[in-house]
Amino acid sequence: MPLSPFRLLIPGLFVLAGTCAAQGQVPDIFRDADLPLGEKLLREHQCGACHVRTVGGDGSAIYRPAGRINTPGALRGMVDMCSTELKLGLFPEESTAVAAVLNRDHYRFGLGPRAGAKR
Ligand code: HEC
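Keep in mind that what you see is a predicted model, and the values were worked out from it rather than measured. (Residues numbered from 1 in each chain as written. Predicted model: local features only at pLDDT ≥ 70, side-chain atom pairs only at ≥ 80, totals over all residues.)

A. The overall build of the protein chain, seen in detail. Counting its regular elements, the protein chain contains five helices and zero strands. Here the protein chain holds 119 residues, and 21% of them are scored as buried. Intrachain contacts of the protein chain at a sequence separation of at least 6 include 71% that bridge at least 24 residues. (Helix = DSSP H or I, 4+ residues; strand = E, 2+ residues; numbered from the N terminus. Buried ≥ 20, exposed ≤ 12 C-beta atoms within 10 Å, placed from the backbone. Contact = placed C-beta atoms within 7 Å.)

Structural data, given as structure tokens:
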């Protein structure tokens, strides 16, 4: 059978349905995250200060939602890696808090486009 339009349509529908279902939903791993704690840790550990040296601006260009970090789990893993590398010794819930703030402010996994930017 030649390539039927349904073969294209059906996966397309799954993608659409997945996207809609994901809008406005904080990913499970960030649901209980302590956002104020994450903000505090990001400030205290000078995460931005170092990223500014690499990418300039306010440093936030280092956070590339369309790059390698493309799932909530990968984002959390990256924060863990940075924490280990910099010997910050973050507790697991601290890494989660930091990743959740980065997600809210930059990556937006599961959240859809930013509405009424907070910062
Ligand atoms: C000593 C400098 C330095 C410090 C301090 C630092 N980072 Fe980074 N970070 C980098 C560099 C350089 C990269 C880019 C690495 C690459 O692209 O391979 C990066 C990349 C990242 C990424 C991945 C961005 C992406 O989308 O690819 C995340 C997330 C991240 N850092 C989080 C943090 C957090 C959270 C902290 C503070 C706890 C932190 N970093 C502190 C230097 C630093």
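B. Broad picture of helix 4 (residues 72–85). The end-to-end C-alpha distance of helix 4 is 20 Å, a good match for the 20 Å that 14 residues give at a rise of 1.5 Å each. When we look at burial in helix 4, the residues that qualify are Pro72, Leu75, Arg76, Val79 and Ser83. Projection of helix 4 onto a plane perpendicular to its axis shows the buried side chains occupying an angular sector of 95°, all on one side. What points out from helix 4, more than 90 degrees from its buried face, is the exposed set Met81, Thr84 and Glu85. Where helix 4 is buried, its residues touch helix 5 (92–107). (Expected span 1.5 Å × (residues − 1). Arc of directions from axis to C-beta.)

C. Seen up close, the site of the ligand. The environment of the ligand is formed by 20 residues, the closest being His45, Cys47, Cys50, Arg64 and Cys82. Where the shell around the ligand is concerned, the elements lending two or more residues are helix 3 (47–55), helix 4 and helix 5. Classifying every residue of the shell around the ligand by side-chain character gives 12 nonpolar, six polar and two charged. (Near = placed C-beta within 6 Å. Nonpolar A, V, L, I, M, F, W, Y, C, P; charged D, E, K, R; others polar.)

D. Here's a closer look at unusual backbone geometry. For Lys87, which is not glycine, the phi torsion reads 55° and is therefore positive. Position of Lys87 among the secondary structure elements: in the loop between helix 4 and helix 5. In this structure, Arg108 is a non-glycine residue whose phi angle is positive, near 60°. Here Arg108 lies in the segment after helix 5.

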